[in-house]
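# Residue-level structural notes
Given next are the chains, with one letter for each unit.
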Amino acid sequence: MAGGEVDGAVAGGEVDGAVAGGEVDGADAGGAVASAELDEASTAPTPRTPLAEPPAQRPSAPAPPGATAGHSTSAQRRARPLRLLHPLPRDGHWGWTGPLGVALLAGLLRFWDLGRPSRLVFDETYYAKDAFSLLRHGHARAFVDGADEKLLAGDLDVFSGDPSFVVHPEVGKWMIAAGEAVFGVDPLGWRVAVALAGTLTVLIVARAGRRLFGSTLLGCTAGLLLALDGLHLVASRTAILDGLQAFWTVAAFGCLLADRDWARARYSSRWRLRAARLGPLGWGPVLLWRPWRVAAGVCLGMAVGTKWSAVWVLAVFGLLTVGWDAGARRSLGVAWARSRSLLLDAPIAFVSVVGTAFVTYVASWGGWIASTDGWSRQWGADHPARGVGGLVPDWLRSLWHYHGEMYSFHTGLSDPHPYASDPWGWLVVSRPVSFDYVDYVRGKAGCEVDKCSQEVLAIGTPALWWGACAALLGCLWLWVGRRDWRAGALLLAAAATYLPWFLYLDRTVFSFYAVTTVPFLALVVALVLGALVGPLEASPRRRAIGATVAGAYVLVVLVNVAYLYPILVDRVIPYEAWQERMWFDSWI
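Let us look at the structure shown here. Note that this is a predicted model, so its numbers are computed, not measured.

## Focus: the overall build of the chain
Of regular secondary structure, the chain possesses 21 helices and 5 strands. Across the chain, contacts joining residues at least 24 apart in sequence account for 78% of those joining residues at least 6 apart. For the chain, the exposed area adds up to about 24,300 Å²; of that, 64% sits on carbon and sulfur atoms.

## As for empty space enclosed by the protein
The final tally for this structure, using the stated rule, is 4 cavities of 30 Å³ or more. Quantified by volume, the largest cavity comes out at close to 90 Å³. Residue assignment for the lining of the largest cavity shows that the elements contributing at least two residues are helix 10 (242-273), helix 12 (311-332) and helix 18 (485-498). Tallied by class, the residues present in the lining of the largest cavity amount to 7 nonpolar, 4 polar and 2 charged. Of the voids in this model, the second largest cavity is the one considered here, and its volume is about 70 Å³. Around the second largest cavity, the lining residues are Leu231, Gly425, Trp426, Val429, Ser430, Arg431, Pro432, Ala458, Ile459, Gly460, Trp465 and Ser511. Here the lining of the second largest cavity is built from residues that sort into 7 nonpolar, 4 polar and 1 charged.

## Structural notes on the layout of surface pockets
Taken as a whole, the largest pocket encloses approximately 1,500 Å³ of empty space. Forming the boundary of the largest pocket are 49 residues, of which Val167, His168, Lys307, Trp308 and His410 lie nearest the centre. Of all the secondary-structure elements, those providing two or more residues to the lining of the largest pocket are helix 4 (124-137), helix 11 (291-304), helix 12, helix 13 (337-363) and helix 16 (394-411). By residue class, the composition of the lining of the largest pocket is 30 nonpolar, 11 polar and 8 charged.

## Focus: the state of the cysteines
Using the criterion set out here, one finds 1 disulfide in the structure. Paired through a disulfide, Cys447 and Cys452 show a sulfur-sulfur distance of 2.1 Å. Between Cys447 and Cys452, the S-S torsion sits near 85°, and that sign places the bridge as right-handed. Cys452 gets classed as buried once you look at its relative accessible area, which sits at 2%. Cysteine Cys255 remains unbridged, with the sulfur of Cys299 as its closest cysteine sulfur at 4.4 Å. Residue classification places Cys255 among the buried residues on the basis of a relative accessible area of 9%.

## Structural notes on a nonpolar patch on the surface
A contiguous nonpolar patch, built from Val428, Trp466, Trp583 and Phe584 and spanning about 380 Å² of accessible area, is present on the exposed surface. Within the secondary structure, Phe584 is located in the segment after helix 21 (575-580). With relative accessibility at 40%, the residue Phe584 sits in the partly exposed group.

## What about the packing of aromatic side chains?
Here the structure, examined in full by the defined rule, presents 32 aromatic pairs. For the ring pair Phe122 and Phe435, a centre distance of 4.7 Å and an interplane angle of 10° mean the geometry is stacked. With Phe122 in the loop between helix 3 (94-111) and helix 4 and Phe435 in strand 3 (residues 433-441), this residue pair connects regions lying 313 residues apart in the sequence. This pair shows no difference in class: Phe122 is buried, exactly as Phe435 is. Judged by centre distance (5.3 Å) and plane angle (75°), the ring pair of Phe584 and Trp587 falls under edge-to-face. Residue classification places Trp587 among the buried residues on the basis of a relative accessible area of 1%. Through a chain of ring-to-ring contacts, the aromatic side chains of Phe122, Trp424, Trp426, Phe435, Tyr498, Trp501, Phe502, Tyr504, Phe510, Phe512 and Tyr513 assemble into a single cluster.

## What to know about the pairing of strand 4 (residues 451-458)
Among the 8 residues in strand 4, 7 count as buried, and that is most of the element. As defined by bridge partners, strand 4 adjoins strand 5 (residues 572-574) across 3 bridges and the pair is classed as antiparallel. Its bridge partner lying in strand 5, Gln454 is registered against Val572.

## Observations concerning the sheet that holds strand 4
If you walk across this open sheet you meet the 3 strands as 3-4-5, and the pairing is antiparallel. Edge positions in the open sheet fall to strand 3 and strand 5, since each of these has one partner strand only. Averaged over all pairs of adjacent strands, the angle between strand axes in this sheet comes to 35°, irrespective of strand direction. For strand 3 and strand 4, the ladder comprises 8 bridges, and the chain directions are antiparallel.

## Some remarks on the packing of helix 7 (residues 187-213) against helix 8 (residues 216-227)
Look at helix 7 against helix 8: their axes get within 7 Å of each other, and the N-to-C directions meet at 150°. The angle between helix 7 and helix 8 places the two elements in the roughly antiparallel class. Crossing angle aside, the handedness with which helix 7 passes helix 8 is right-handed. Counted together, Thr201, Val202, Val205, Ala206, Gly209, Arg210 and Phe213 of helix 7 and Thr216, Leu218, Gly219, Cys220, Ala222, Gly223, Leu226 and Ala227 of helix 8 form the full contact between these two elements.

Parameters and conventions
Residues numbered from 1 in each chain as written. Predicted model: local features only at pLDDT ≥ 70, side-chain atom pairs only at ≥ 80, totals over all residues. Heavy atoms only, no water. Helix = DSSP H or I, 4+ residues; strand = E, 2+ residues; numbered from the N terminus. Contact = heavy atoms within 4.5 Å. Areas by Shrake-Rupley, 256 points an atom, 1.4 Å probe, with all protein chains shown as cover. 1 Å grid on protein atoms, 1.4 Å probe; cavity = no way out; pocket = protein on both sides within 12 Å on 5 of 7 lines; lining within 4 Å. Points joined across faces, edges and corners; volume = space filled by probe spheres on them. Nonpolar A, V, L, I, M, F, W, Y, C, P; charged D, E, K, R; others polar. Disulfide = S-S within 2.5 Å. Buried < 20%, exposed > 50% of the residue type's maximum accessible area, 1.4 Å probe, protein only. Patch = residues over 30% accessible without salt bridge, like charges linked within 9 Å, V, L, I, M, F, W, Y side chains within 5 Å. Salt bridge = Lys/Arg side-chain N within 4 Å of Asp/Glu carboxyl O. Phe/Tyr/Trp six-rings, centres within 6.5 Å; stacked < 30°, edge-to-face > 60°. Pairing = 2+ DSSP bridges. Axes fitted to C-alpha atoms, helices over the stretch in contact; angles between N-to-C directions. Parallel < 35°, antiparallel > 145°, perpendicular 65-115°, else oblique. Left-handed = near helix turned anticlockwise from the far one by under 90°.

Bear in mind that shape data such as this cannot, by itself, settle questions of function.
What follows is the structure in structure tokens.
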């Protein structure tokens, strides 16, 4: 990043409101500009406002002759759509080449020697086998004793014939099953879909960051930071559900960003048709069909269908997109924009996001619904409903009952575990989780010293996570102090994936659950690095210092993950080298 240009997005780019969806009610841009110039400008990129100049200090355009307080002129009305536009950088093929290059690096780290370790590690013993059961029977079935050893030996005759009670929805396991269907029921087969999802998550973060910041460089920086995170790397190389949930969550966020730009372009276009009219502004345009928002609903349904904790993300993202609509109406000059957006936009958003997510989630249980002997599948038939309840199909009542059993399990899960930890310490990497550990003596598994260690440690890259803790504070200041809507959106996304775990301090939870938060931490850090570099209008010395600091930080993250790499991917190393990487006793 040192010396690089931040694609015109500068430190803060577009300052869009005090809340995540708000707009700055400053002077209307170009109040006295001739109408012909406004018509031309409305199709041109919006000039960006550097954060170095707070919105409150921006000079207001002089009112044209004849304008009275509280009333808009035709020229001012035409200028309003300009405030809606959030153009992407015009960097040609680099808009895709850069993110794809970062994704290629992420893919190399995630796919290289993916079959190592050649055994079931940590919770793979549940998800890899459940995925095979879905592949073979369409629903979860119980396994015989010693099923792990039989699978590793290539013996697929591992089912007992009874249904199995599983405590997570089925989307993530269907994804793992897809890999097993193509590559076989072995370590590579049950990990390949997770590695692919992790690689695509990096690509989406880079592209979403480009759209969010208006800078391909900053977007690629966010993607690179995610690619270099140890926790995300381990979660992308292990057949567990959390990396898959992160993929769907980030995909939903990217879809909502695209929807924001898509909708605002249409708000702007429709408003220009009536820009010459004076008088009441009305309620503003209404958009019923928003394909990107529906796509976000599908992704959120898949996220909830992977792990229930994504329901918090569904709620926050739904509120976020409505807030953006309220900001758009406010930018157009609509009175009582927030209240009217709640009446107009919120119901539409609920149907397109929450409704689509619900349908997607139920559909993801199709294998269980189509079965006759899945766990609790016949509960509805065995417990006939009375009265109005008789109108509900037996399969739906059975599914509801099954979910009640799952909920009871999760809320009652309090068994002690040596690697369990409270979320208070997750962001500072206080208690990583060892997914696999084996020690060897000289001559075993390539060990050339007296004692060696081999481990898969689910640990975030400390340089990234510790830096992110400071960046979160900087992001909060950008949101509250500089009214930067992007900072607010990232903080809300990070909060939706992290803070709900504080509601479950009395149950067994693990730090690797925060892998869903990592993509947003990477974006937060990239935003703050852009602020350090400063706007294009800043002095060359200021930008050179900022670029040097930002580039040095990214280099530190790279060196940090390279140092930890052997204990992330199960390499055999001398025991002393392993001990050197255990910086704190809580890491052991």
